[in-house]
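Per-entry structural report
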Amino acid sequence: MTTGMQQGLIYGFMALGVLLTFRILGFPDLTVEGTFPLGAAVTAKAVVEGVDPIMAVILGGLAGALAGASTGLMHTKLNVNNILAGILTTSGIYTVMLRTMGRPNIPLLAHTNFFDWVFMMVGLSSENFSFLQYQVGTILILLVMVTAVRAGMGWFLGTDLGLTIRSTGNNEGMIRSLGVNTDHTKLLTLMISNFLVAFSGALACQSQGFADVGMGIGVLVAAIASVMVGEMFFGHKGLSRLLTGVILGSVIYRTLLAIGIRLNLPAEDFKMVTALLVLAALVLPNLKIKSKKTKVSEKIRLSGCGGDKND
Amino acid sequence: MIKLKHVYKIFFPNTANEVLALNDMNIEINPGDFVTIIGSNGAGKSTFLKVISGIETVDEGTIEVAGQNVTGDPEYKRAKYIGRIDQDPMASTASEMTIEENLAMAYMRGKRRGLHQGINAERKQMFQEALADTGLGLEKRLQVPVRTLSGGQRQALALVMATIAEPKLLLLDEHTAALDPKAAKQVMDMTHKIVAVKKLTALMITHNMEQAIQFGNRLIMMHRGRIILDIGQEEKARLTVSQLIEQFTAASGTAFADRVLLS
Ligand SMILES: Nc1ncnc2c1ncn2[C@@H]1O[C@H](COP(=O)(O)OP(=O)(O)OP(=O)(O)O)[C@@H](O)[C@H]1O
Ligand SMILES: [Mg+2]
């Protein structure tokens, strides 16, 4: 349970990033499959080189932002299709990771990790912790961090700049007609999103104690599943609910996975099951809820139009 | 205010489907003019407005807006001076965002957008006042997503959005065509009022000949990418719909065959 919770919060950063591109900007950014392990690789390399873990995790995130910029520039300046731009960047990232790490993986168990460092900074020595204490401690750290990021995003998306990002996803022609260069908003969003994803990868590497070039496989589908769980339970009630919902979605998804592992369910099937669930979640509502949805919007329409009843 | 010199716009050049959408367009429009534009389908009316706003680039010729040569400027740069509304009520507003968020974005037209909150008490007050002028009660519904508004309400909001940041120029491409008659009249009356109060230069495409005669101080008719009629204020005041059709037939050499409303 606690492992699921911890993982859910770590992957929550990624879910927020994926929400930003896929859902808010309407940009299916596949870069994240590469950005996630890139964040881990850069962090691991930095730690091995003697950088302190907090700085290392931030460097991991910044590497992700650069990857996002690469996809963004390819798409906006070179007119490469959005999905292809993400695939090209991801492919390039694998080379960058292997060159950075010098090999496919780096173990970090011998180094003080991010969480130990934070415990130390608040005057605690994690060596004396029981396993449960340690787990709860890391969850608290993550909870504070993810809450701060969530609040920051909520605030940012309400600023003049944030509004342009949301409207670029909603009606690009309209916001351009109001004087916004949508190439810039896309680039900025991709950088923020990939920062969050790489940051998520960096924290995953710190919590697992290693970085591996293969650790990005399937993380995108899992993040999409988390976003969907979040939307299902908490979405459609405003942006701020959605941000919180996506984090909770990630926690729910990872907790379910952890339970599955506890129950000795075959772990090799999880990715297929996730993919099928996402597919079902995508297809089913379109078939079923359509009739309901129109009813709801009709209701709003009727109750909302005091002025022109005769229309 | 606007000056087009020898403007050409060709779609699918050097192919069998080549379309000469603008064929040596020349026009000068003075500050404060309210020009109505009519013409048969495919005459190039929308393209004319699109090359002014920068949605389409020109193949030849120059465009000046407010004394500046904007021919090579992208749309987002010209947007500083130009407010526009499309025929499609979905096009000019962001449906998933609230009324106040839409207005906040419109209010920042041509200004630097930074990390200030888009909505604050002062702006809310201003938005409410601007919406109250429309007389549709929208000022009480600032936090409602725009998708829940009727087409007429959306176009009314679009009109407020297009003009709240005091542009120099207002471009209207059949902005009441998709509305039912009652909503169309409301939006048209509102347009008339805002253009007069804010002393805007405005260009309005319409398929309604009566509307074209009734509003504005100048009427132009387009055909095959050119202006074939240009009628000033005095002549326009005496003009009737049937005279206008006669003049069209004489000037274009074809009968007026399209979806023009002769109401
Ligand atoms: N994006 C485009 N690509 C190709 N052809 C276009 C494009 N836009 C317009 N055209 C063509 O250019 C010509 C002029 O079109 P335009 O939309 O300006 O006409 P219009 O006068 O606005 O007509 P309507 O009254 O039907 O709105 C038409 O033949 C049209 O098919
Ligand atoms: Mg048109």
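Our subject in this report is the structure included herewith. (Residues numbered from 1 in each chain as written. Chains lettered and ligands numbered in written order. Predicted model: local features only at pLDDT ≥ 70, side-chain atom pairs only at ≥ 80, totals over all residues. Heavy atoms only, no water.)

This part covers the site of ligand 1. Residues and elements named next belong to chain B. Around ligand 1, 16 residues are found, and the nearest of them are Gly42, Gly44, Lys45, Ser46 and Thr47. The separation between an oxygen atom of ligand 1 and a polar side-chain atom of Thr47 is 2.5 Å. For ligand 1, the accessible surface in isolation is 630 Å², of which the surrounding protein chains cover 67%. When contributions to the shell around ligand 1 are tallied by element, the ones reaching two or more residues are β2 (19-29) and α1 (45-53). Looking at side-chain class alone, the shell around ligand 1 contains five nonpolar, seven polar and four charged residues. (Near = heavy atom within 4 Å. Polar contact = N/O pair within 3.5 Å; in protein donor to acceptor, adjacent residues only side chain to side chain. Areas by Shrake-Rupley, 256 points an atom, 1.4 Å probe, with all protein chains shown as cover. Helix = DSSP H or I, 4+ residues; strand = E, 2+ residues; numbered from the N terminus. Nonpolar A, V, L, I, M, F, W, Y, C, P; charged D, E, K, R; others polar.)

We now examine the pattern of salt bridges. Per the counting criterion, the structure on display carries 15 salt bridges over all chains. The residue Arg84(B) makes a salt bridge to Glu75(B) at a minimum N-O spacing of 2.8 Å. Given a relative accessible area of 22%, Arg84(B) falls into the partly exposed group. When the shortest N-O distance is used, the salt bridge between Arg147(B) and Glu96(B) registers 3.2 Å. Of the two residues, Arg147(B) sits in the loop between α4 (121-132) and α5 (151-163) while Glu96(B) sits in the loop between β6 (82-85) and α3 (99-107), which places them 51 residues apart along the sequence. What makes Arg147(B) partly exposed here is its relative accessible area of 38%. Residues participating in the shared-partner salt-bridge network are Glu172(A), Arg176(A), Lys186(A), Glu75(B) and Arg84(B). (Salt bridge = Lys/Arg side-chain N within 4 Å of Asp/Glu carboxyl O. Buried < 20%, exposed > 50% of the residue type's maximum accessible area, 1.4 Å probe, protein only.)

What the rule picks out here adds up to two cavities of 30 Å³ or more. Volume-wise, the largest cavity comes out at about 90 Å³. Forming the walls of the largest cavity are Ser46(B), Leu49(B), Lys50(B), Ser53(B), Ile55(B), Arg84(B), Ile85(B), Asp86(B), Leu171(B) and Asp173(B). The greatest single-element share of the lining of the largest cavity, amounting to four residues, is contributed by α1(B). Partitioning the lining of the largest cavity into residue classes produces four nonpolar, two polar and four charged. There is about 50 Å³ of room inside the second largest cavity. Contributing to the lining of the second largest cavity are Ser177(A), Ser53(B), Glu75(B), Arg78(B), Ala79(B), Ile82(B) and Arg84(B). (1 Å grid on protein atoms, 1.4 Å probe; cavity = no way out; pocket = protein on both sides within 12 Å on 5 of 7 lines; lining within 4 Å. Points joined across faces, edges and corners; volume = space filled by probe spheres on them.)

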